[in-house]
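# Examination of the molecular architecture
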Amino acid sequence: MAGGRIGSQKLVEAADKQELKPVCDFADTRSVVCELEGDIRIHGNSSSILFAGSSPASWQMKPHPRKDDPNALSHVTQISVTSFAADGDAPRCAVSSTTPAIVFSTGGYMGNPFHDFTDVLIPLFITSFQFDGEVRLLVGDIAPWWIQKYEPILTGLSRHDIIDLNRDDVVRCFPHVIVGLRFHKEMSIDPSRTQNGLSMLDFGRFVRRSFALRRESATKLGADRNKKPRLLIIARRATRVLENVDEVARAARGLGFEVVVAEAGRKTNLTAFARLVNSCDGMMGVHGAGLANFVFLPMNTTLIQVVPLGQLDEIARVDFGAAAEDMEMKYVQYGISEEESTLIEQYPRDHAVFNDPTAITKQGWTARRSVYLLNQNVRIDVVRFRDVLIQALEFLHRE
């Protein structure tokens, strides 16, 4: 693990092998992670972690992988980490464990499927996989519905009950604690930064196993043109709505797809929705959180992402395209034309929204988000889109 700094002092292992100083990585662009070994005492209700050490040290951190996002961190409880020199200087252990622990927060943008996976579940998989289920999860800022929703994943990563950090009023002692979650990239894993080359293929297998999903690979179509691959269209209802979803579905059926139209909301039974996704050979939708459900697809499937106006192509590819390819899926990105955007009903065609989107971007993320993400729907030109559907169909016939 890379070394970090508390102030300007580098944290390294003590020369005396009996005392291990914390190893922190503050240099990562997205997350702060500290690893503690020895006598570690955690009192969740007071958001404090104490560790035995002869040298005074103290710092604060928010254990969530969006360290430079003030809005996300406003929903994350700050943790105080402090050393103590003698047993009498620290509260007594009420519960002692020989099992290691991971301390993290589900705050941030909890409830948005993209952020649930990219900020919490995938980093937790990266951080906890080494323990093979023998690890305690001490979770801050949790909501019962969130724990219930992702229970199959959480119980797959830890054999122990989850501890609600904010409400835990006893002192728990551990020999090994990781504070924070290791983040690699959006919706994905960098195998070169993991033990044993852990990858998104491993995460996909883990998710399918956790939800007891039957299909590991897409339907083998081969040269048989009578087999109908199943295409799931994610139908957004609030923003970036695909207004002519029925027309798109008819076009796909006309080319030989069996089409399912669905969307998973906060109250949707995720296990049932995961099974629906896993029954499909492809998924398509307008750029947005619902596409995060591609993690339930079998391997060798196809993901089609429809990208609205607003110079969102690179963001779209980074958020979902690269991750899908990391899971050995085929990826097709479709950038809409001005005629396919409802923005033409709101602005004159010579407006900067169309002619100079960079000018909108320079106004800041709030302005860009308002114009292109919150107030733009999509009406796909099915004639223009036909080639994308054919390409997806050909991918499936090659497998």
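These lines cover the structure that appears in this document, whether it is placed above or below. Along each chain, the written sequence defines residue order, and numbers are assigned to residues from 1. Totals for whole chains, interfaces and linings use every residue, but because this is a predicted model, local features are given only for residues with pLDDT of at least 70 and side-chain atom pairs only at 80 or more, for both listing and counting. As a convention, hydrogens and water are excluded, and side-chain values are obtained from all of the structure's heavy atoms.

### Considerations on the layout of surface pockets
Space inside the largest pocket adds up to approximately 1100 Å³. Only protein atoms enter the 1 Å grid, on which a cavity is a set of points fitting a 1.4 Å probe that cannot get out and a pocket is an open set with protein on both sides within 12 Å along at least 5 of 7 lines, lining residues being those with an atom within 4 Å of a point. In this structure, the largest pocket is lined by 40 residues; those nearest its centre are Asn 112, Phe 114, His 115, Arg 240 and Ala 289. Elements with a contribution of two residues or more to the lining of the largest pocket: α2 (113-128), α8 (313-326) and α11 (365-374). Throughout this entry, Asp, Glu, Lys and Arg are counted as charged residues, while Ala, Val, Leu, Ile, Met, Phe, Trp, Tyr, Cys and Pro are counted as nonpolar. The remaining residues, Gly among them, count as polar. Classifying every residue of the lining of the largest pocket by side-chain character gives 15 nonpolar, 11 polar and 14 charged. Grid points are joined across faces, edges and corners, and a volume is the space filled by probe spheres set on the points. Under the scheme used here, helices are H or I runs from DSSP no shorter than 4 residues and strands are E runs no shorter than 2 residues, and both carry numbers assigned from the N terminus.

### Remarks on the pairing of strand β14 (residues 258-262)
Two faces belong to every sheet, and in a regular strand the side chains alternate between them. When DSSP finds at least two bridges between two strands, those strands are taken to pair. Relative to β14, strand β13 (residues 230-234) runs parallel, the two sharing five bridges. Looking at β14, one finds that Ile 234 is bridged to Ala 262. Handedness of the β13-helix α6 (residues 245-255)-β14 crossover: right-handed. Orient the strands so they point away from the viewer; a crossover is then right-handed if the path from the first strand over the helix to the second runs clockwise.

### Considerations on empty space enclosed by the protein
A complete count under the given rule lists two cavities of 30 Å³ or more for this structure. Considered as a void within the structure, the largest cavity measures approximately 60 Å³ in volume. Considering the residues around the largest cavity, the lining is formed by Gly 44, Ser 47, Pro 63, Thr 77, Ile 79, Phe 104, Ser 105, Gly 140, Asp 141, Leu 165 and Asn 166. Here the residues of the lining of the largest cavity are counted per class, giving four nonpolar, six polar and one charged. Approximately 40 Å³ is the volume found for the second largest cavity. Surrounding the second largest cavity, Pro 113, Phe 117, Lys 149, Tyr 150, Ala 264, Gly 265, Leu 270 and Asn 293 form its lining. Taken together, the residues of the lining of the second largest cavity break down into five nonpolar, two polar and one charged.

### Examining the packing of α6 against helix α12 (residues 382-398)
All axes are obtained by fitting lines to C-alpha atoms, using only the stretch in contact for helices, and the reported angles, taken between N-to-C directions, cover 0 to 180 degrees. Interaxial distance between α6 and α12 falls to 10 Å at its minimum, and their mutual angle equals 45 degrees. By the angle class used here, α6 and α12 are oblique. Crossing geometry of α6 relative to α12 is assigned as right-handed. Residue-level inspection shows Glu 247, Val 248, Ala 251, Ala 252 and Leu 255 of α6 in contact with α12, the latter providing Val 382, Phe 385, Arg 386, Leu 389, Ile 390 and Leu 393. Tallied by class, the residues present in the contact of α6 with α12 amount to nine nonpolar, no polar and two charged. Relative orientations are named as follows: roughly parallel for angles under 35 degrees, roughly antiparallel for angles over 145 degrees, roughly perpendicular for angles from 65 to 115 degrees, and oblique for any other angle. Crossing handedness: left-handed means the near helix sits turned counterclockwise from the far one by under a right angle, and right-handed means the same turn made clockwise. Only heavy atoms enter the contact rule, under which two residues are in contact if any of them lie within 4.5 Å.

### Some points on the sheet that holds β13
The parallel open sheet is built from five strands, whose spatial order is β14-β13-β15-β16-β17. With partners counted over all chains shown, the strands left at the sheet margins are β14 and β17 (330-335), one partner each. Direction aside, neighbouring strands of the sheet carry axes that sit 20 degrees apart on average. Summarising the sheet, strand β16 (residues 302-307) and β17 pair through six bridges and their orientation is parallel. For Val 307, the partnering residue across the bridge sits in β17 and is Gly 335. Across the sheet, α6 is in contact with β13, β14 and β15 (282-286); its angle to β14 comes to roughly 160 degrees. Relative to the sheet, helix α7 (residues 270-278) contacts β13, β14 and β15, its axis offset from that of β13 by approximately 130 degrees.

### Remarks on the state of the cysteines
By convention in this document, the label disulfide applies to cysteine sulfur atom pairs within 2.5 Å. Counted under the stated rule, the structure contains two disulfides. Note that Cys 24 is cross-linked by a disulfide to Cys 34, the S-S spacing being 2.1 Å. When the S-S torsion is 115 degrees, as for the bridge of Cys 24 with Cys 34, the disulfide is right-handed. Pair noted here: Cys 24 is in strand β3 (residues 23-25) and Cys 34 is in strand β4 (residues 33-43), with a separation of 10 residues, a long-range link. Linked covalently through their sulfurs, Cys 93 and Cys 173 form a disulfide whose S-S length is 1.9 Å. Measuring the twist about the S-S bond at about -95 degrees, one finds the Cys 93-Cys 173 disulfide to be left-handed. Of this pair, Cys 93 sits in the loop between β7 (79-84) and β8 (95-96) while Cys 173 is found in strand β12 (residues 171-179), placing the two residues 80 residues apart along the sequence. A residue is classified by how much of its surface remains accessible, and Cys 93, at 34% relative accessible area, is partly exposed. Residue exposure (1.4 Å probe, protein chains only): buried if accessible area is under 20% of the type maximum, exposed if over 50%, otherwise partly exposed. You can call Cys 173 buried: its relative accessible area is 6%. What links to what in the chain: the bonded cysteines, counted in sequence order, pair as 1-2, 3-4.

### Re the pattern of salt bridges
For this analysis, a salt bridge means a side-chain nitrogen from Lys or Arg found within 4 Å of a carboxyl oxygen belonging to Asp or Glu. One pass over the full model with this rule turns up 22 salt bridges. Note that Asp 326 and Lys 185 form a salt bridge whose closest N and O atoms lie 3.1 Å from each other. In this pair, Asp 326 is assigned in helix α8 and Lys 185 in the loop between β12 and α5 (200-210), connecting sequence segments 141 residues apart. Judged by relative accessible area, which is 27%, Asp 326 ranks as partly exposed. By relative accessible area, which is 35% here, Lys 185 ends up partly exposed.

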